[in-house]
Amino acid sequence: MQQATDSGRALGVVLLICAATCWPASAPAQAWKPEKNVELIVPGGAGGGQDRTARILQKIMQQGLVPTPVSVSNRPGGGSNLAYVYLNQFPGDGHYLASATATLLTNHILGTSPLNYTHFTPVSVLYGEYIGFAVKADGPFKSGKDIIERVKAAPDSVIFAFGTSAGNANHIGIALALKAAGVDPTRIKTVVFKASIEATTALMGGHVDVVATPMSTYIPVLGTGKIRIAAIAAPQRVGGRFADVPTWREQGNDTVMPSFRMFIAAKGLAAPQLRYWDGVFAKLAVSPDWKKELADNEWQGSYMSSADTLKYLDAQAQSYRKILAELGLAKK
């Protein structure tokens, strides 16, 4: 009996030693990190808001946050669908991330894309900002009220422009402002550009009358003196360089329309891959460089983990569907 007990103890010691020596070797197998170039895909042209976000992330990631090179790939067109179709070619590959906005949700609701956020792996919502309405500095409009009055008098006399697809957050912002003023938003003229910065350039050239886009898009051209921001769809003034811009609410129009920026990956990311990117974005969100970018671009930091991002998108999808259905734009 004593011999059996000793044998059992010996076997136990051997198993413990084996576990202790094997565990460190098996732990790295459960981890993941990029082994080749990481591609940040932008569904818009160079110079737009999403492009600027991706290039800021590229810079921060290459400062030791990601061990491999990071590149930015602009794939505009198709109302952002070309970029998402491209991303969809890499299921389960954590080396590809794409910038995304509400367009990913609204295109599906509108029926213009078979792809929805559920066809990808949501990684992180990084920040939000509000839709600003700009006019030509030397044009006839001095305020949001001026725009509304002209549209009420002659709806087809004002050309509204935005990027990157019909029915997106910019378009919803326009529709909500007009609807709040008692104007049928389906009667106005709209022009969709591949990027919001292109719409802004067209405004400065006098080719369109009003541009609606997230406020940071205007930063590169503020110093030209060629545009005036007539209203912002925020609950209160955003401050900073836009401290003098009145909200729609200040002008008697109860319109609030936020926009958000997030990053997604292809469908089927393994848990270790998603854990890796959760860690990267969590570190990025609290880094001094990122906080500086938030301040410089008047962005509202709203970092969310992959799990929280999925919950947020579930709620936003319901909200957008309701709004677009009321506007008669949602596919039945």
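Rules and cut-offs
- Every residue gets a number counted from 1 within its own chain, in the order that chain's sequence is written.
- Given that the model is predicted, a residue must reach a pLDDT of at least 70 before its local features are reported, and side-chain atom pairs must reach 80 or more before they are shown or counted; all residues, however, enter totals for whole chains, interfaces and linings.
- For side-chain calculations, the full set of non-hydrogen atoms in the structure is used, while hydrogens and water are omitted.
- Secondary structure elements are defined from DSSP: runs of H or I of at least 4 residues count as helices, runs of E of at least 2 residues count as strands, and each element is numbered from the N terminus.
- Burial classes follow relative accessibility: with a 1.4 Å probe on protein chains only, a residue under 20% of its type's maximum area counts as buried, one over 50% as exposed, and anything between as partly exposed.
- Each residue after the first adds 1.5 Å to the expected span of a helix.
- Any two residues whose heavy atoms approach within 4.5 Å at even a single point are treated as in contact.
- Interaxial angle, 0 to 180 degrees, is taken between N-to-C directions of lines fitted to C-alpha atoms, where a helix line uses only the stretch in contact.
- Just so you know how the angles are binned, under 35 degrees is roughly parallel, over 145 roughly antiparallel, 65 to 115 roughly perpendicular, and the rest oblique.
- Here is the rule for handedness: rotate from the far helix to the near one, and if that takes an anticlockwise turn smaller than a right angle the crossing is left-handed, while a clockwise turn gives right-handed.
- When residues are grouped by polarity, Ala, Val, Leu, Ile, Met, Phe, Trp, Tyr, Cys and Pro land in nonpolar, Asp, Glu, Lys and Arg in charged, and all others, Gly among them, in polar.
- Only protein atoms enter the 1 Å grid used here, on which a cavity is any set of points holding a 1.4 Å probe that cannot leave and a pocket is any open set flanked by protein within 12 Å on both sides along at least five of seven lines; residues with an atom within 4 Å of a point are listed as lining.
- Grid points are joined across faces, edges and corners, and a volume is the space filled by probe spheres set on the points.

## With respect to unusual backbone geometry
With phi around 60°, Glu298 is a residue other than glycine that occupies positive phi space. With respect to the helices and strands, the residue Glu298 is situated in the loop between α9 (288-296) and β10 (300-301). You can call Glu298 buried: its relative accessible area is 14%.

## Looking at helix α8 (residues 271-285)
Because each turn of an α-helix spans 3.6 residues, side chains separated by three or four positions in sequence point in the same direction. With 15 residues, α8 ought to run about 21 Å at 1.5 Å a step, and its terminal C-alpha atoms sit 21 Å apart, in line with that. Where α8 is buried, its residues touch β1 (38-42), α2 (49-65), β3 (96-100), β4 (121-136), β9 (258-265) and α9.

## Here we look at the packing of helix α4 (residues 103-110) against helix α10 (residues 306-326)
Contact geometry of α4 with α10 gives a least axis separation of 10 Å together with a crossing angle of 45°. In terms of their interaxial angle, α4 and α10 are classed as oblique. Remark: the crossing between α4 and α10 carries right-handed chirality. Where α4 approaches α10, its residues Leu105, Thr106, Ile109 and Leu110 are matched on the opposing element by Leu313, Gln316, Ala317, Tyr320, Arg321 and Leu324. For the contact of α4 with α10, the per-class residue count stands at seven nonpolar, two polar and one charged.

## Considerations on the layout of surface pockets
Taken as a whole, the largest pocket holds about 180 Å³ of empty space. Lining the largest pocket are 16 residues, with Gly128, Glu129, Tyr130, Pro258 and Gln300 sitting closest to its centre. Going through the elements one at a time, β4 and β9 are the ones with two or more residues in the lining of the largest pocket. If you tally residues by element for the lining of the largest pocket, the top one is β4, at four residues. Residue composition of the lining of the largest pocket, grouped by class: nine nonpolar, five polar and two charged.

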